[in-house]
Amino acid sequence: MRASLYLILALTLPRPVSAGEGYPGWETDQGCPCSNQSLCEPIHRVGPERVFAFHVGVAGNKDWTQYDWSQITTVCVFGALDPELLCHAHRVGARVTIGVDIGIASWRNASLVDAWIAEKVRKVQDGFLDGLNLDIEDSATDPDDVRALSSLSARTAEAMHKAVPGSQVTFDVPSGGMLNQGTCGTQYNRRYDFGALAAAMDFLVAMDYDSNAHYPSKCPTCFDANCGLPILEQGTRCYEKLGVPASKLVLAMPWYGYDYTCGPDDKPGDICRIQAAAQISYPGAAGLLLSSSIGGRHWAANTSTPYFYYRDRSSALHRVDYDDVDSLRIKYAYARTAGHRGVGMWTANSLNYTNVSEVSSFWEALKEFEPPPGEDDVANLAYV
């Protein structure tokens, strides 16, 4: 059953689109797109990360204008890069980075790695950006591949920092609490040297989403939650064992959920014997909760996550597990008390930005993660 579920999830999870691709009406060879040319200078900020926002750019979409930029320290772009977003982010002191990757087949090829690093550094320079987010998610068990990954990551960071002083280089890592996917440090067969990656990067971004998996001895229903609190806690302990302190980790959490199709004999309140699973946006989940839920919203105390049941047009029972502002506040507060570097989300533009109260509540919840004393907003961070 679990193997079939993971196959279903693999088929439904979208891979991030190519990062930072050209935006209609602006090509980087046209020069600075900002009316104030100083906004094309990279951000030279020191201080804590607060909110690291993943953003999937879609040409013509301006939802980013409604982000709470008073909290954002970095926006990491996948997809189309809106030049107006770049100018606005720099105006408020937020970095703009782009997600990039390189396949395992190239890791040991020195000439290919050299060319890849040069291309990505040039892309940052030409686009007036602030750095790179290495979204490398290949399985790697061969020690030579692991060493090659550590080397290319360190070289990328070195080249980026040298070319653009003050730039930021980060690396996306799996949720350390997903022990069903391997023991600590081996999730998804990514047996990376996480300590070496943390040492080379400005920080790591833990992808604490899609962590729905079965932990019968520790948390019988944790497999339902997209981002269970016990998984966050276990992940922190895991990375500490791997030489990655909480201060080097940003915890990115989901602004979406999962819609599970249960077994034909399942009833609301029973364990959902999952037949199929698909991601569902928060607006989609909230709409179903209001229109179709059986018994309304429930709360899984062991994961600090809400869920509900509904039946589709064929009368098949579904269970939807998702995160809302109540569950996210708890998890942001945990990140604060555990000493994490920051928090984030996949993705900032997944809300319905025509729903003002929904948008306001999600951004307000992020304030549960407070920066260190004396640095109560992004504007008070130091610049060099």
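Residues numbered from 1 in each chain as written. Predicted model: local features only at pLDDT ≥ 70, side-chain atom pairs only at ≥ 80, totals over all residues. Heavy atoms only, no water.

That bond from Trp346 to Thr347 is cis: its omega, -10°, falls within 30 degrees of zero. The topology assignment puts Thr347 in the loop between strand E15 (342-346) and helix H9 (356-365). Positive phi is not limited to glycine here, since Tyr188 has a value of about 55°. By the element assignment, Tyr188 lies in the loop between strand E7 (168-174) and helix H5 (194-200). Positioned with a positive phi, Ser315 is a non-glycine residue whose angle comes to about 75°. (Helix = DSSP H or I, 4+ residues; strand = E, 2+ residues; numbered from the N terminus.)

If you walk across this open sheet you meet the 5 strands as E11-E10-E14-E13-E12, and the pairing is antiparallel. One side of each edge strand has no neighbouring strand; the edge strands of this open sheet are strand E11 (276-281) and strand E12 (293-300). Pairs of neighbouring strands in the sheet enclose a mean axial angle of 25°, with direction left out of account. Sheet topology places strand E10 (residues 256-261) next to strand E14 (residues 317-322); 5 bridges connect them, and they run antiparallel. Within E14, the position partnered with Gly257 by the bridge is Tyr322. (Pairing = 2+ DSSP bridges. Axes fitted to C-alpha atoms, helices over the stretch in contact; angles between N-to-C directions.)

Such a bond, covalent and formed between the sulfur atoms of two cysteines, is termed a disulfide. Applying the stated criterion to the full structure yields 4 disulfides. Here Cys32 pairs with Cys40 through a disulfide, and the sulfurs are 2.0 Å apart. Here the S-S torsion is close to 85°, and the disulfide linking Cys32 with Cys40 is therefore right-handed. Neither residue differs from the other here; Cys32 and Cys40 are each classed as buried. Between Cys262 and Cys272 runs a disulfide, and the two sulfur atoms are separated by 2.1 Å. Between Cys262 and Cys272, the S-S torsion sits near -110°, and that sign places the bridge as left-handed. Taken together, the residues Cys262 in the loop between E10 and E11 and Cys272 in the loop between E10 and E11 connect sequence positions 10 residues apart. There is no split in this pair, since Cys262 and Cys272 are both buried. (Disulfide = S-S within 2.5 Å. Buried < 20%, exposed > 50% of the residue type's maximum accessible area, 1.4 Å probe, protein only.)

Our next topic: the pairing of E10. Where burial is concerned, most of E10 is hidden: 5 out of the 6 residues are buried. Note that E10 and E11 share 6 bridges and pair antiparallel. What sits directly across from Tyr258, in E11, is Gln279.

What follows concerns H9. The periodicity of an α-helix, 3.6 residues per turn, causes residues three or four places apart in sequence to face the same way. Buried residues of H9: Glu358, Val359, Phe362, Trp363 and Ala365, and no others. Burial along H9 is one-sided: seen end-on, the buried residues are contained in an arc of 160°. The exposed residues of H9 that point more than 90 degrees off its buried face are Val356 and Ser357. (Arc of directions from axis to C-beta.)

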